[in-house]
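Now for the letters of each chain:
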Amino acid sequence: MSKLRVAVLGAKGRIGAEAVRAVEAADDMELVAALGRGDKLETLADTGAQAVVELTTPASVMGNLDFCIRHGIHAVVGTTGWTDERLAQLTTWLDGSPETGVLIAPNFSIGAVLTMKFAEQAARYFESVEVIELHHPHKVDAPSGTATRTAQLIGAARERAGMAAQPDGTTTALDGARGAQVDGVPVHSIRLRGLLAHQEVLLGGEGETLTIRHDSLHHSSFMPGILLGTRRVVNTPGLTFGLEHFLDLN
Ligand SMILES: NC(=O)C1=CN([C@@H]2O[C@H](COP(=O)(O)OP(=O)(O)OC[C@H]3O[C@@H](n4cnc5c(N)ncnc54)[C@H](O)[C@@H]3O)[C@@H](O)[C@H]2O)C=CC1
Ligand SMILES: O=C(O)C1=N[C@H](C(=O)O)C[C@H](O)C1
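Residues numbered from 1 in each chain as written. Chains lettered and ligands numbered in written order. Predicted model: local features only at pLDDT ≥ 70, side-chain atom pairs only at ≥ 80, totals over all residues. Heavy atoms only, no water.

1. Topic: the overall build of the protein
The criterion, for reference: Secondary structure elements are defined from DSSP: runs of H or I of at least 4 residues count as helices, runs of E of at least 2 residues count as strands, and each element is numbered from the N terminus. For the exposure calls, accessible area comes from a 1.4 Å probe over protein chains only, and a residue counts as buried if that area is under 20% of its type's maximum, exposed if over 50%, partly exposed in between. Here a residue-residue contact requires only that any non-hydrogen atoms of the pair lie within 4.5 Å.
A tally of helices and strands in the protein yields 7 helices and 11 strands. Expressed as lengths along the three principal axes of its C-alpha atoms, the size of the protein is roughly 60 × 40 × 30 Å. When the 250 residues of the protein are sorted by exposure, 47% land in the buried category. Across the protein, every contact between residues at least 6 apart in sequence was considered, and the portion connecting residues at least 24 apart equals 71%.

Have a look at this one:
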């Protein structure tokens, strides 16, 4: 069977370098390009890349995806910075290339995907909920894509359950002290030397709390998800948001 021709964008970055090694080690894939900032995107077409793993920056990702979709190259995207406007733009591009697939995964690690799922399930049982994400100090965006998605899922679950706004008696606060509000859920971002990628979801009810915590201790935690996403996206036209759609989660 012929191998899947895969390229990595952001190949010299923290996760990109790990993805290059993972694709090279995969028996069913061939790494045809490993591009960094300033490299020509035309290389993707010249090398016949079938799928791209996009791990760059929020400032670069849209231009890269525009190129990929125009050339019918499927994409697995870990880069953060997704807004409703960006997703709408992506959908419009994909409408013009109906056979192309794009997977955007706020987090490729199984533990983080499960954290989001468990938090969504728990949300309707607890009056209070806050999200704390903790990352290495080089991260350029806050809150993390994972925390944003987690809060959105919790907010939607609370809304479906008809829950009231969270109890919060704060009347005076320093700017930022109560975190950023994402769909009614406070999200707090910590940046600390020594950390990689971690998240806690704290839920509180009458006389009890529940804490769901996930830790990515190494970039290898993201690789099985990246490889799975790459194998699946080539047969999944259109936009898929979240790796959970490629896992047997119910
Ligand atoms: N979804 C997930 O599971 C994960 C997502 N991420 C996300 O991936 C992105 C990258 O993270 P890191 O590797 O930590 O950042 P990084 O800064 O180490 O790497 C980004 C790399 O992309 C390169 N780059 C920038 N523009 C480019 C372009 N137009 N073409 C090719 N390369 C370009 C940079 O030079 C840099 O080498 C971030 O948005 C981060 O949040 C990171 C880890 C896991
Ligand atoms: O920048 C990172 O490192 C990570 N980014 C993603 C995010 O913003 O959620 C995924 C993971 O947390 C690592």
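2. Digging into the site of ligand 1
Short version of the rule: Note on definitions. A residue lies near a molecule or strand when any single heavy atom of the residue is within 4 Å of it. As used in this structure description, the phrase polar contact means that two N or O atoms lie within 3.5 Å; if the pair is within protein, one of them must be able to donate a hydrogen and the other to accept it, and residues adjacent in sequence are counted only when both atoms belong to side chains. Surface exposure here means Shrake-Rupley accessible area, sampled with a 1.4 Å probe, where a residue is shielded only by the protein chains that are shown.
Ligand 1 sits among 22 residues. The nearest are Arg14, Ser60, Thr80, Ala105 and Phe108. In this structure, Gly10 approaches ligand 1 through a main-chain N or O atom, which is 3.5 Å from a nitrogen atom. In the environment of ligand 1, a nitrogen atom lies 2.7 Å from a nitrogen or oxygen atom belonging to the side chain of Ser60. If ligand 1 stood free it would expose 860 Å²; the protein chains cover 83% of that surface.

3. A short note on the UniProt feature "binding site: (S)-2,3,4,5-tetrahydrodipicolinate" (unreviewed entry) in the protein
Note the following rule: UniProt positions are given in the numbering used here, feature names are shortened, and annotations may be inferred rather than shown by experiment. Computed over the protein atoms alone on a 1 Å grid, cavities are sets of points where a 1.4 Å probe fits but cannot get out and pockets are open sets with protein on both sides within 12 Å along at least five of seven lines; a residue lines them when it has an atom within 4 Å of a point.
If you check UniProt for "binding site: (S)-2,3,4,5-tetrahydrodipicolinate" (unreviewed entry), the listed places come out as His136, Gly145 and Thr146 in our numbering. Taken from the residues named earlier, the lining of the largest cavity is made up of Thr146. The contacts of His136, once residues within four sequence positions are left out, are Arg14, Arg191, Leu192, Leu195 and Leu196. Position of Thr146 among the secondary structure elements: in helix H6 (residues 145–160). Residues within four places of Thr146 in sequence aside, it is in contact with Pro106, Asn107, Met116 and Gln199.

4. Here we look at the pattern of salt bridges
Heads up, the rule is: Salt bridges are identified by distance alone: a Lys or Arg side-chain nitrogen within 4 Å of an Asp or Glu carboxyl oxygen.
The full count for this structure, using the stated rule, is 11 salt bridges. In this structure, the salt-bridge partner of Glu30 is Arg5, at a minimum N-O distance of 3.4 Å. One end of the pair, Glu30, is in strand S2 (residues 29–35); the other, Arg5, is in strand S1 (residues 4–9), and 25 residues separate them in sequence. Among the residues examined, Glu30 registers a relative accessible area of 36% and is labelled partly exposed.

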